[in-house]
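One-letter residues, chain by chain:
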Amino acid sequence: MVGGGQLARMTHEAGIPLGIKFKLLSDTPQDSAAQVVSEVVVGDYRDLDTLRAFARGCDVITFDHEHVPTAHLRALEADGVPVRPGPDALVHAQDKGVMRAKLDAIGVPCPRHRIVSDPEDAARFAAEVAGGGAQHLGEGRWPGDGDGSGGFPVVLKTVRGGYDGKGVWVVRSSKEAEEPFRAGVPVLAEEKVDFARELAANIVRSPHGQAVAYPVVESIQVDGVCDTVIAPAPGLDPELAGHAQELALRIGQELGVVGHLAVELFETADGRILVNELAMRPHNSGHWTQDGAITSQFANHVRAVLDLPLGDPRPRARWTVMANVLGGDYPDMYSAYLHCMARDPQLKIHMYGKDVKPGRKVGHVNTYGDDLAEVRERAAHAAGYLRGTITE
Ligand code: ADP
């Protein structure tokens, strides 16, 4: 696996019962997965020679993040190394511009969007959206007055390199729109969707084309970072849930995805869903599956990458809630464990071994049960306590 973060750590963990030999390319020996994997190569995934040397002797390569340059992945494939997901699929999770163009082409509903060239163009886009134009780039020009004044706020995103809300700006004026262009990468403008909530439809697909769909979940973000995931999404119309699962399966098939695919969705107040973005790796919205599903996303990702039959994705409990533990400044993890474990013997704690930095995801907890309010309270309490924001 390329990338030494917590996703690699938990994927490695899922491979242990199967006796999978797991080799890791990690930025540093201290990375979350590098602390627990026995065969670690420390090196830069942006360097093709490093990747090639790492890939030698691997039966298959998969990823903890989306940042390996597409051209390098093509080079590895040309060397005869199976890369899963392959570059032709993965590029849609790497480049939001490519992703939007493809989803348009296959008729998947998305927020209105186009690539914008500078802050004035972003203002024009804002005016176009306010003018009610509904055509996508490539199908014709946007209507609108283009006077650069009305229509804000809009969302601007660098097409590559963003994560956890970094690389995403909600801008209210062309002045504010200057910032995203400083990175020197193309900028995608999107209408700011007035969504009722965020959902995720997670599927896993094997090279054979076998696929499984997990229940659609609700994902609650705080300051652009995932805070809580509820499985299944409470009160979701079963028809819409089925539609979201079918949409994710179709995207997986059309894009040739192998492994775990997270389709992040917006649910609008009038009961529509729009695709926000795609991730082709285990995903935060699937962490609940470790303790709440018959087969976890990590176990199914391993199976898919190795072209093994996939495991049952169905939930084990009526409700499972995942809450992220964000790094605060917690002095004594041992006493936090004493408190949390004594208070809730059913609690599942997953810590990543990361240095605690404010706002950084350092772990998560899973709770499950029949009463959603109670299950949520237990998850929120444990996550808050482990973070140090709740002290009793
Ligand atoms: P990242 O690469 O950080 O995951 P996302 O595209 O998922 O970036 O955006 C991060 C968050 O910003 C989303 O979870 C959502 O809350 C908000 N967001 C993104 N795009 C839009 C949009 N078009 N309209 C409204 N909110 C958005």
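Here the structure is a predicted model, which is why all the values come from computation and not from measurement.

Q: Give a detailed account of the overall build of the protein chain, specifying residues and quantitative values.
A: A count of helical and extended segments in the protein chain gives eleven helices and 15 strands. A compact globule built from 392 residues should have a C-alpha radius of gyration of about 21 Å, and the protein chain, at 21 Å, falls within 12% of that. If one aligns the C-alpha atoms of the protein chain with their principal axes, the spans along those axes are about 60 × 55 × 40 Å. Residue pairs in contact within the protein chain that sit at least 24 positions apart in sequence constitute 60% of those at least 6 positions apart.

Q: Describe in detail the packing of aromatic side chains, supporting the description with residues and values.
A: In this structure the tally under the stated criterion is two aromatic pairs. For the pair Phe195 and Phe266, a centre-to-centre distance of 4.7 Å together with 5 degrees between the ring planes defines the contact as stacked. Taken together, the positions of Phe195 in strand β7 (residues 195-205) and Phe266 in strand β11 (residues 259-268) put the pair 71 residues apart, joining distant regions of the chain. When the ring of Tyr214 is compared with that of Trp288, the centres are 6.3 Å apart and the planes differ by 85 degrees; the resulting orientation is edge-to-face. Pair noted here: Tyr214 is in the loop between β8 (211-213) and β9 (217-222) and Trp288 is in the loop between β12 (273-279) and α8 (289-292), with a separation of 74 residues, a long-range link. You can call Tyr214 buried: its relative accessible area is 1%. For Trp288, a relative accessible area of 1% gives the class buried. The ring of Tyr45 carries the charged tip of Arg46 above its face, separated from the ring centre by 5.5 Å.

Q: Tell me about the packing of helix α4 (residues 87-94) against helix α5 (residues 96-105), and please be specific about residues and values.
A: Closest axis-to-axis distance for the α4/α5 pair is 5 Å, and the angle between their directions is 110 degrees. In terms of orientation, α4 lies roughly perpendicular with respect to α5. Seen from α4, the contacting residues are Val91, His92 and Gln94; seen from α5, they are Lys96, Val98, Met99 and Lys102.

Q: Go over the nonpolar core, please, and point to the residues and values.
A: Val2, Ile251, Val275, Leu278 and Met280 are the most contacted members of the largest nonpolar core, which has 43 residues in total. Taken together, the elements giving at least two residues each to this core come down to α2 (48-55), α3 (70-78), α4, α5, β7, α7 (238-255), β11 and β12. By residue number, the principal contributor to this core is α7, which donates seven residues. Setting aside residues no more than four positions away along its own chain, Leu278 makes contact with His92, Ala93, Met99, Ile251, Leu255, Leu261, Ala262 and Val263. One finds Ala323, Val325, Leu347 and Val375 within the second-largest nonpolar core, a separate group that totals 18 residues.

Q: Outline the pattern of salt bridges, supporting the account with residue identities and numerical values.
A: As enumerated under the stated definition, the model contains 24 salt bridges in all. One salt bridge in this structure joins Arg114 and Glu128, with 3.1 Å as the shortest N-O distance. With Arg114 in strand β3 (residues 113-116) and Glu128 in helix α6 (residues 119-130), this pair connects stretches of sequence that are 14 residues apart. Each member of the pair Arg114 and Glu128 is classed as buried. Through salt bridges with shared partners, a single network forms among Arg114, Asp121, Arg124 and Glu128.

Q: Can you explain a nonpolar patch on the surface? Please cite residues and give values.
A: Together, Leu18, Leu306 and Leu308 make up an exposed nonpolar region whose accessible area comes to about 230 Å². Assignment of secondary structure puts Leu308 in the loop between α9 (297-305) and β13 (319-326). A relative accessible area of 37% means that Leu308 is categorised as partly exposed.

Q: An account of the site of the ligand is needed here, citing residue identities and associated values.
A: Looking at the ligand, there are 19 residues lining it, with Lys96, Lys157, Gly165, Glu198 and Glu277 nearest. Mapped by element, the contributors of at least two residues to the shell around the ligand are β4 (154-158), β6 (187-191), β7, β11 and β12. Split into classes, the residues belonging to the shell around the ligand amount to six nonpolar, four polar and nine charged.

Q: I'd like a description of the sheet that holds β6, backed by residues and values.
A: The sheet built from four strands is open, its strands ordered β3-β6-β4-β5 with antiparallel pairing. Bordering the open sheet on either side are β3 and β5 (168-171), each of which pairs with just one other strand. The average undirected angle you get between the axes of adjacent strands in this sheet is 30 degrees. Here β4 runs beside β6; their pairing, made up of five bridges, is antiparallel. When the sheet's bridge partners are listed, Lys157 is paired in β6 with Leu188. Contacting β3, β4 and β6, α6 runs over the sheet at an angle of about 160 degrees to β3.

Q: Any details on the packing of α3 against α4? Residues and values, ideally.
A: Here α3 crosses α4 at 165 degrees, and the two axes come no closer than 10 Å. The orientation of α3 relative to α4 falls into the category roughly antiparallel. Between α3 and α4 the crossing geometry is right-handed. Residues Thr70, Leu73, Arg74 and Glu77 of α3 form the contact with α4, whose own contacting residues are Pro87, Asp88, Leu90, Val91 and Gln94. In terms of residue class, the contact of α3 with α4 is made up of four nonpolar, two polar and three charged.

Q: How would you summarise α9 if you had to cite specific residues and measurements?
A: With eight of nine residues buried, α9 is to be regarded as a mostly interior element. Contacts made by the buried residues of α9 are with α1 (6-15), β7, β8, β11 and α8. One or two positions beyond α9, positive phi appears at Asp307, with a value near 55 degrees.

About the thresholds
- Residues numbered from 1 in each chain as written.
- Predicted model: local features only at pLDDT ≥ 70, side-chain atom pairs only at ≥ 80, totals over all residues.
- Heavy atoms only, no water.
- Helix = DSSP H or I, 4+ residues; strand = E, 2+ residues; numbered from the N terminus.
- Rg over C-alpha atoms; globule rule 2.2 N^0.38 Å.
- Contact = heavy atoms within 4.5 Å.
- Phe/Tyr/Trp six-rings, centres within 6.5 Å; stacked < 30°, edge-to-face > 60°.
- Buried < 20%, exposed > 50% of the residue type's maximum accessible area, 1.4 Å probe, protein only.
- Lys NZ or Arg CZ within 6 Å of the ring centre and 35° of its normal.
- Axes fitted to C-alpha atoms, helices over the stretch in contact; angles between N-to-C directions.
- Parallel < 35°, antiparallel > 145°, perpendicular 65-115°, else oblique.
- Core = buried A, V, L, I, M, F, W, Y, C linked by side-chain atoms within 4.5 Å.
- Salt bridge = Lys/Arg side-chain N within 4 Å of Asp/Glu carboxyl O.
- Patch = residues over 30% accessible without salt bridge, like charges linked within 9 Å, V, L, I, M, F, W, Y side chains within 5 Å.
- Areas by Shrake-Rupley, 256 points an atom, 1.4 Å probe, with all protein chains shown as cover.
- Near = heavy atom within 4 Å.
- Nonpolar A, V, L, I, M, F, W, Y, C, P; charged D, E, K, R; others polar.
- Pairing = 2+ DSSP bridges.
- Left-handed = near helix turned anticlockwise from the far one by under 90°.

These figures come from the coordinates and say nothing about function on their own.
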